[in-house]
Amino acid sequence: AQGAVRGGGGGGGGGSAPAAPKSGGAGAVAAAVAAAVNKPSGDAKELAKEGIKSGSAGIRLHYDDPKAMAKAKKHQVVQRTEGQRKVAWFSHLPQYEREASLSSQLAQRADNDIHPEVLKLGLKFADWLIVGGNRRTVAMLEAFAQVVRDYMPAKDHDTGADLTRHLDARFKPMISYLVACRPLSVGMGNAIRWLKAKIAHIPPTQNIQEAKDGLCAHMEGYIYEHIDLADRIISGHGASKLRDDDVVLVYARSSAVESVLLRAQADGTRFRVIVVDSRPKLEGKQLLKRLHAVGVDCTYIMINALSYVMKEVTKVFLGASGMLSNGHVISRVGTATVAMMAHTSKVPVLVCCETYKFSEKVLLDSICTNELGDPDELQSRELSEWRDVADMKLLNLVYDLTPIDFVTLVITELGNLPPTSVPVVIREYRKEVTL
Amino acid sequence: RGQYRPSHQKILSMAEYHQKIDQLLVKLKRRSTLSKDLAILTAEALLKVVTGLKGNNPHKMIEEIRTIGRKLAEAAPSELVVGNIVRRILFIVREELANLQQGSKVEVTSHKDDDQAAPSMLLRSVPSLANILAQDIGQPDGASGGAGSDNVDSVPSNFKQAVIVQIRELVDEIEGIREQIADQAMEHIHANEVILTCGQSSTVEYFLREVAKRGRKFEVVVSECAPDLEGHAMALRLAKAGISATVITDAAIFAIMARVNKVFVGCSAVLANGGIIATTGLQTVALAARHHSVPFVVCTGMYKLAPVFPHDQYSFNELKSPAQLVTLGSDDAAASREVRVLNPSSDYIPPELVSLFITNAGGHNPSYIYRLLAEYYSMADRNL
């Protein structure tokens, strides 16, 4: 892989790209990139094949695959306790018990060097202190930028090529650590792939300080362009969709939807909001607080009261954690129910999603891709001793999949699109993700 | 002289059943009882009314039952079960009267016309033009009580006794409902199925436990039904009975529906068009089930069938206290005065979303429910 990078960086010449390497993601992506550069005409089929092999759909570890799990255990960074009461339908997903002290479970190995910023970040993720796709991605990139800044080159190893090689090795355990703390969201995964591609593309002969600064600038640019600016554009598009006397239904807490509503309120549109919330996170209350603080007329209900209010609703705004290539929306659990009720009542559903959250994956239902939270969060007085009852299980789903049929419009920074346009956006705007 | 009743006897009987009625009224106002218990309490209260009544006058009986029944129904307007039982008992009285008058008319054919007997027989059975015409014209007949003068003479002395027996049978029927419904359980739940149920229903719990008792292995997913969280107790009881139970949040119902084979729920009322009134959130479950083509089955006793039609979500709904959704005394925005917090108690589910009714009278399609009204209630009692 390293040879291919040097060859590619040298601007074409010799050496066909090696076969997809057996090692981890970074090398595979680099090889794919090198392969792409070596074939200037960019054969689409070859690209696609490399893409799939290198995991543009994500190298997903299936937790019920014993061989894969055995291999993964060798590189394991954090020892997590297996869930006591696993739910069989989700055996392909990690189901862990909440750790008393995650940092003490770190494996003591030479290559297991986690930067303290990343360590703190992982703990915050595990405790759900940083919540929300955008917030998590930004926090992660900022922590990684710190890692890059703190990287001290060894003597005689201060070229761009060395930086590439060493950052690859440094980031690998850190990413595994973050995944072990809490699985990455779709946007985070895309951001990491972008970062790895950027690292692979560092000019090998560049001065290391310049290379570091350049990389950090790129990361700040990514955050600015794909998250901050995108949110501002989305809020403009979304606010333009709101008219006077609209009754808007929103679910849980999405930063994009919040910015749309705040913008509409600032523009002077007269509308009222119905905030729908659900257990166990009760995230809707935070959105309610912020809307109420700026004087928006709000109603607050739990998700089971949807049928009671649906008659008065004129528009539904939903956020997304990710969008799949088949137009399905991955979002906080309960979003699919809201979208379904709206669809049945013929109310338009507008999903606000930045394009960095678009994924090439195609999945069919909420079981394929999901995250299982701490089951103890569902507890109540009756269930305080639920573990004593052998046949009892608690399922705390975090995400669900909203079918494409329920979505009317997707509001992105590129404009208002139908949900069928997700693969088009990926193809047109992310083909050059590495360049 | 024939109308004289010793005054102290009258006061005693009134006091007795007034006490029973007042107890029931308190329970209704506090909304603390299950539908089944409420039904039995209403039936027993009205039994007391009938027992305490002096004389054999069926008009007076009907009037008395109606007055008390109206009071009870008004105490808890959203508990349709109370009205149902009142109408059931009125139907019993009218039927008994028609039966016994039929018998007496056959004996005393010299005094009455033959075609007087015919309408009263028709009135007892399938409604038809003859019934409707007879009622409109106000012809003397058994079902609507006729003129007061001849009833006192023609009503036999065991009339009241017959009514009391019938009411006791009704109470027994209601008490044995869960067993009758659970007898059909093995037909509907099979090996390795995943059943979804919502919140708490003793009928459904009994239904599922019956299958588990007979050794069939299946799984149950219970949705917790916030904010009451009734599903938790239900899941715990099912798990303790050896059924594999998974608790999920209401938000996860659509997500998990991809793995569910059947949905079984209870309801608080069955409406005349085949729709149901059930706990909040069940309409979303029914819609999610339809989207995934999962059968949505309602297990209920026929005493919950109400001869009323729904108009919308609000007809038979109540808003409960928003305190369940709000943490008072904190900086919870939902607690502020400008924010409207809604906590409805029920949902209306239209008959198109219900696949099947499993009742003590067998299994029925929602389209058949309106026919069953004629078996339990009389047209005259539609408005109490």
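Scroll up for the structure.
Residues numbered from 1 in each chain as written. Chains lettered and ligands numbered in written order. Predicted model: local features only at pLDDT ≥ 70, side-chain atom pairs only at ≥ 80, totals over all residues. Heavy atoms only, no water.

## With respect to the overall build of chain B
Here comes step 1: Helix and strand content of chain B: 15 helices and 11 strands.
Here comes step 2: Residues counted as buried form 53% of the 384 residues belonging to chain B.
Here comes step 3: Taking as baseline every contact in chain B between residues at least 6 positions apart, the subset at least 24 positions apart corresponds to 79%. (Helix = DSSP H or I, 4+ residues; strand = E, 2+ residues; numbered from the N terminus. Buried < 20%, exposed > 50% of the residue type's maximum accessible area, 1.4 Å probe, protein only. Contact = heavy atoms within 4.5 Å.)

## Comments concerning a negative patch on the surface
All names here are of chain B.
Here comes step 1: A cluster of acidic side chains, namely Asp37, Glu44, Glu169, Asp172 and Glu175, defines a negative patch on the protein surface.
Here comes step 2: Those elements that provide at least two residues to the negative patch are α2 (35–52) and α8 (159–175).
Here comes step 3: In terms of residues, the negative patch owes the most to one element, α8, which gives three residues. (Patch = residues over 30% accessible without salt bridge, like charges linked within 9 Å, V, L, I, M, F, W, Y side chains within 5 Å. Areas by Shrake-Rupley, 256 points an atom, 1.4 Å probe, with all protein chains shown as cover. Salt bridge = Lys/Arg side-chain N within 4 Å of Asp/Glu carboxyl O. Lys, Arg positive; Asp, Glu negative; His and termini not counted. Charge placed at Lys NZ, Arg CZ, Asp CG, Glu CD.)

## Some words on the pattern of salt bridges
Here comes step 1: In this structure the tally under the stated criterion is 34 salt bridges over all chains.
Here comes step 2: For Arg80 of chain A, the salt bridge goes to Glu99 of chain A, with nearest N and O atoms at 3.4 Å. In this pair, Arg80 of chain A sits in the loop between α4 (66–74) and α5 (116–126) while Glu99 of chain A sits in the loop between α4 and α5, placing the two residues 19 residues apart along the sequence. Across the pair, exposure class does not vary: Arg80 of chain A and Glu99 of chain A are buried alike.
Here comes step 3: For Glu210 of chain B, the salt bridge is made with Arg214 of chain B, and the minimal N-O distance between the two is 3.1 Å.
Here comes step 4: Residues participating in the shared-partner salt-bridge network are Glu97, Asp376 and Arg387 of chain A.

## Some remarks on the interface of chain A and chain B
Here comes step 1: In this complex, chain A contributes 51 residues to the contact, which on the side of chain B involves 58 residues.
Here comes step 2: Together, Trp89, Asn304 and Tyr308 of chain A form the three largest contributors to the area buried by chain A at its contact with chain B, with a combined 18%.
Here comes step 3: In this assembly, chain A and chain B are joined by five salt bridges.
Here comes step 4: Put simply, Lys289 of chain A and Asp331 of chain B hold a salt bridge, and the shortest N to O gap is 2.8 Å. (Buried area = accessible area lost by both parts, 1.4 Å probe.)

## Side note on the nonpolar core
Here comes step 1: In this structure, Phe90, Leu249 and Val316 of chain A together with Met257, Val263 and Phe296 of chain B are the most contacted members of the largest nonpolar core, which totals 88 residues.
Here comes step 2: Contact partners of Phe90 of chain A, with chain neighbours within four places excluded, come to Gln95, Ser366, Ile367, Asn370, Leu372, Leu395 and Leu397 of chain A together with Ile256 of chain B.
Here comes step 3: Counting 70 residues, the second largest nonpolar core, distinct from the first, contains Leu25, Leu90, Leu170 and Ile181 of chain B. (Core = buried A, V, L, I, M, F, W, Y, C linked by side-chain atoms within 4.5 Å.)

## A short note on unusual backbone geometry
Here comes step 1: A cis amide bond links Arg279 of chain A to the next residue, Pro280 of chain A, at an omega of -5°.
Here comes step 2: Position of Pro280 of chain A among the secondary structure elements: in the loop between β2 (271–277) and α11 (284–293).
Here comes step 3: A cis amide bond links Ala226 of chain B with the next residue in sequence, Pro227 of chain B, at an omega value of -10°.
Here comes step 4: Considering the arrangement of structural elements, one finds Pro227 of chain B in the loop between β2 (219–223) and α12 (230–240).

## Re the sheet that holds strand β8 (residues 340–341) of chain B
Here comes step 1: As summarised here, the arrangement of the eight strands in space is β11(A)-β10(A)-β7(A)-β4(A)-β1(A)-β2(A)-β3(A)-β8(B), forming an open sheet in which the pairing is mixed. The two strands at the open ends of the sheet, each matched to only one other strand, are β11 (415–417) of chain A together with β8 of chain B.
Here comes step 2: When strand β1 (residues 246–251) of chain A meets β2 of chain A, the two strands line up parallel, connected through six bridges. Within β2 of chain A, the position partnered with Val248 of chain A by the bridge is Val273 of chain A.
Here comes step 3: In the packing of helix α13 (residues 335–344) of chain A onto the sheet, the strands contacted are β1, β4 (315–319) and β7 (349–352) of chain A, and the crossing angle to β4 of chain A comes to about 160°. (Pairing = 2+ DSSP bridges. Axes fitted to C-alpha atoms, helices over the stretch in contact; angles between N-to-C directions.)

## What to know about the packing of helix α9 (residues 208–240) of chain A against helix α10 (residues 255–267) of chain A
Residues and elements named next belong to chain A.
Here comes step 1: At their nearest, the axes of α9 and α10 sit 8 Å apart, and the two run at 55° to each other. The orientation of α9 relative to α10 falls into the category oblique. Handedness of the crossing formed by α9 with α10: right-handed. Contact residues: Asp231, Arg232, Ile234, Ser235, Gly236, Gly238 and Ala239 in α9; Ser255, Ala256, Ser259, Val260, Arg263, Ala264 and Asp267 in α10.
Here comes step 2: Class assignment for the residues of the contact of α9 with α10 results in five nonpolar, five polar and four charged. (Parallel < 35°, antiparallel > 145°, perpendicular 65-115°, else oblique. Left-handed = near helix turned anticlockwise from the far one by under 90°. Nonpolar A, V, L, I, M, F, W, Y, C, P; charged D, E, K, R; others polar.)

## Quick notes on the packing of aromatic side chains
Here comes step 1: Scanning the model with the defined rule gives six aromatic pairs over all chains in all.
Here comes step 2: Residues Phe144 of chain A and Phe171 of chain A carry aromatic rings whose centres are separated by 4.7 Å and whose planes lie at 50° to one another, so their mutual orientation is tilted. Note that Phe144 of chain A is positioned in helix α6 (residues 133–150) and Phe171 of chain A in helix α7 (residues 160–181), a separation of 27 residues in sequence.
Here comes step 3: The buried category is assigned to Phe144 of chain A, whose relative accessible area is 0%.
Here comes step 4: Arranged with centres 5.2 Å apart and planes meeting at 40°, the rings of Phe207 of chain B and Phe264 of chain B form a pair that is tilted. With Phe207 of chain B in helix α11 (residues 202–213) and Phe264 of chain B in strand β4 (residues 262–265), this residue pair connects regions lying 57 residues apart in the sequence. Across the pair, Phe264 of chain B and Phe207 of chain B agree in class, each one buried.
Here comes step 5: Among the aromatic side chains, those forming a connected cluster through ring pairs are Trp194, Tyr222 and Tyr356 of chain A.
Here comes step 6: A cation sits over an aromatic face here: Arg182 of chain A above Trp128 of chain A, 3.9 Å from the ring centre.
Here comes step 7: The positively charged end of Lys281 of chain A is found above the aromatic ring belonging to Trp128 of chain A, 3.7 Å away from the centroid. (Phe/Tyr/Trp six-rings, centres within 6.5 Å; stacked < 30°, edge-to-face > 60°. Lys NZ or Arg CZ within 6 Å of the ring centre and 35° of its normal.)

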